[in-house]
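# Architecture at a glance
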Amino acid sequence: MKKVMILLAIILTANVMMAQKKDRTDAFMYNKNGQYDKAMVSIEKCINHEQFLGQKPDWQAEAWLYRAVIYQNVIQSGDEKLMAQAPDAREKVFESLMKCMENKDFFEENKQDIYQRVGAVMTSYYNDGSAAFEKQDYATAAVSLKKAYDIAKSLGSPEASEMMKYAAYACIKDKNFDQAIEYYTELQNDGYYGEDLYYNLASAYINKGDKDKAAEVIAAGLAKYPNSDMLIRENVNLKLSEGKGTEAVADLEKLLEARPDDYTLMFALGTIYGDDTKDIYDGDKAVNYYMQAINTKPDYYDAIYNLGALYINMSNKIKEQADEITGFSKAEMEQYDKLIQEANALIETGLPYVKQAYEAQPTPEVKQVLKSMYVRLNMTEELKALEGE
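Residues numbered from 1 in each chain as written. Predicted model: local features only at pLDDT ≥ 70, side-chain atom pairs only at ≥ 80, totals over all residues. Heavy atoms only, no water.

### Some details on the nonpolar core
Of all hydrophobic cores here, the largest spans 118 residues; its most connected members are Ile114, Tyr184, Leu252 and Leu307. Top contributing element to this core by residue count: helix H3 (residues 57-77), with 11 residues. Look past the residues within four positions of tyrosine 184 in its chain and what remains in contact with it is Lys165, Ala168, Tyr169, Ile172, Leu197, Asn200 and Leu201. (Core = buried A, V, L, I, M, F, W, Y, C linked by side-chain atoms within 4.5 Å. Buried < 20%, exposed > 50% of the residue type's maximum accessible area, 1.4 Å probe, protein only. Helix = DSSP H or I, 4+ residues; strand = E, 2+ residues; numbered from the N terminus. Contact = heavy atoms within 4.5 Å.)

### Brief notes about unusual backbone geometry
Positioned with a positive phi, lysine 175 is a non-glycine residue whose angle comes to about 60 degrees. One can find lysine 175 in the loop between helix H9 (160-173) and helix H10 (177-189). In this structure, asparagine 378 takes a positive phi of about 55 degrees despite not being glycine. Tracing the chain through its elements places asparagine 378 in the loop between helix H19 (364-376) and helix H20 (380-387).

### Points about the packing of helix H17 (residues 301-323) against H19
As a packed pair, H17 and H19 sit with axes 12 Å apart at the nearest point and diverge in direction by 40 degrees. Relative to H19, the element H17 lies oblique. Every pair of crossing elements has a handedness; the one defined by H17 and H19 is left-handed. Mapping the contact onto sequence places Tyr301, Tyr305, Ile312, Ser315, Asn316 and Lys319 in H17 and Val366, Val369, Met373 and Arg376 in H19. Residue composition of the contact of H17 with H19, grouped by class: 6 nonpolar, 2 polar and 2 charged. (Axes fitted to C-alpha atoms, helices over the stretch in contact; angles between N-to-C directions. Parallel < 35°, antiparallel > 145°, perpendicular 65-115°, else oblique. Left-handed = near helix turned anticlockwise from the far one by under 90°. Nonpolar A, V, L, I, M, F, W, Y, C, P; charged D, E, K, R; others polar.)

### A closer look at the state of the cysteines
Per the counting criterion, the structure on display carries 0 disulfides. Left without a disulfide partner, cysteine 100 is nearest to the cysteine sulfur of cysteine 46, which lies 12 Å away. Taking the relative accessible area as the measure of exposure, cysteine 100 reaches 0% and is therefore buried. (Disulfide = S-S within 2.5 Å.)

### Topic: the packing of aromatic side chains
Scanning the model with the defined rule gives 12 aromatic pairs in all. When the ring of phenylalanine 133 is compared with that of tyrosine 138, the centres are 5.0 Å apart and the planes differ by 70 degrees; the resulting orientation is edge-to-face. A relative accessible area of 22% means that phenylalanine 133 is categorised as partly exposed. Considering the side-chain rings of phenylalanine 133 and tyrosine 169, the 6.1 Å spacing of their centres and the 25 degrees angle between planes classify their relative orientation as stacked. Taken as a pair, phenylalanine 133 in helix H7 (residues 111-134) and tyrosine 169 in helix H9 lie far apart in primary sequence, 36 residues in all. Judged by its relative accessible area of 33%, tyrosine 169 is partly exposed. Every member of this aromatic cluster is reached through a ring pair, and the members are Tyr263, Phe267, Tyr290 and Tyr300. One residue, lysine 224, lies across the ring of tyrosine 193, its end atom 5.2 Å from the ring centre. The ring of tyrosine 281 has lysine 317 lying over it, and the distance from NZ or CZ to the ring centre is 5.2 Å. (Phe/Tyr/Trp six-rings, centres within 6.5 Å; stacked < 30°, edge-to-face > 60°. Lys NZ or Arg CZ within 6 Å of the ring centre and 35° of its normal.)

Next comes the structure, spelled out in structure tokens:
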């Protein structure tokens, strides 16, 4: 009786093995004939059979390769009906190829084919991520680019870091700062330490409200890239946001000593000193730095316009002082007239810069500023000419 039972078990096992082989063969033939819907059914029956792991390793690896080929053909067919049956076709291709690579002997024999197919999946994810980024669908871009990175990393590709950089930056654009921090941290773990990483990682922490961590990241970045413009400026902005204006300008002025022709640093200092909402406001220093920038780069529009606007702001402050005089005594009236003259003199000084800015970029905003200056100085003819444009 036992012999009969053993024989029956052997027969059943053999039948199961034959069924799997038939499923694999059917999948191969259906794929060859372009019947991808039937090929998918057959190959899934094959690899999901409970006896699949009992097959020889090479036989299994070949089945996984058939599966990868079938689903790649589904993707390449462009058939929406087929794609609807396999919405995760790309994931199945990658999974199948990774299974092939587990068998070292099979992988060595089929390395070129497997690598090409893995590379095609990676490129597909990367292209989808790039297209989504262009459409400003940053959440989708981040997911696709991260998948491209995972594949590139599994292959040991030197392009992996670039893909992760784009995925992390997509998270920044999507305002998903927690995910961005996770991705940039993984980049660091991979050995990437570009200045852009420190800048964007600090930005993510700042947006999360963790200024201490942001300062730590910036300090680490500056230790590696002491002359990095982006890190220096971010450090200055961080200090300004924390009310450390004196430290911020000290950093910029020290940097300007090393770069005496850097008009962007001069402009930055002019902007900081010219901001009357800050404790370190100093109109004279702001004028000086804007003038340095213009002397270095005569067509520097931003510095030219800002200088004109600064003179208007300085004039307005003096006019406010004049308006606070409410008495009509001789001394008070003389003080009032003196202040108005000082205020108008500043408008006159700033006028050429605003005119130059308007000539360079005749925007409605600058035109309105120029009109207000003509009104203040009672320049009726110039005002009519400007309004008649």
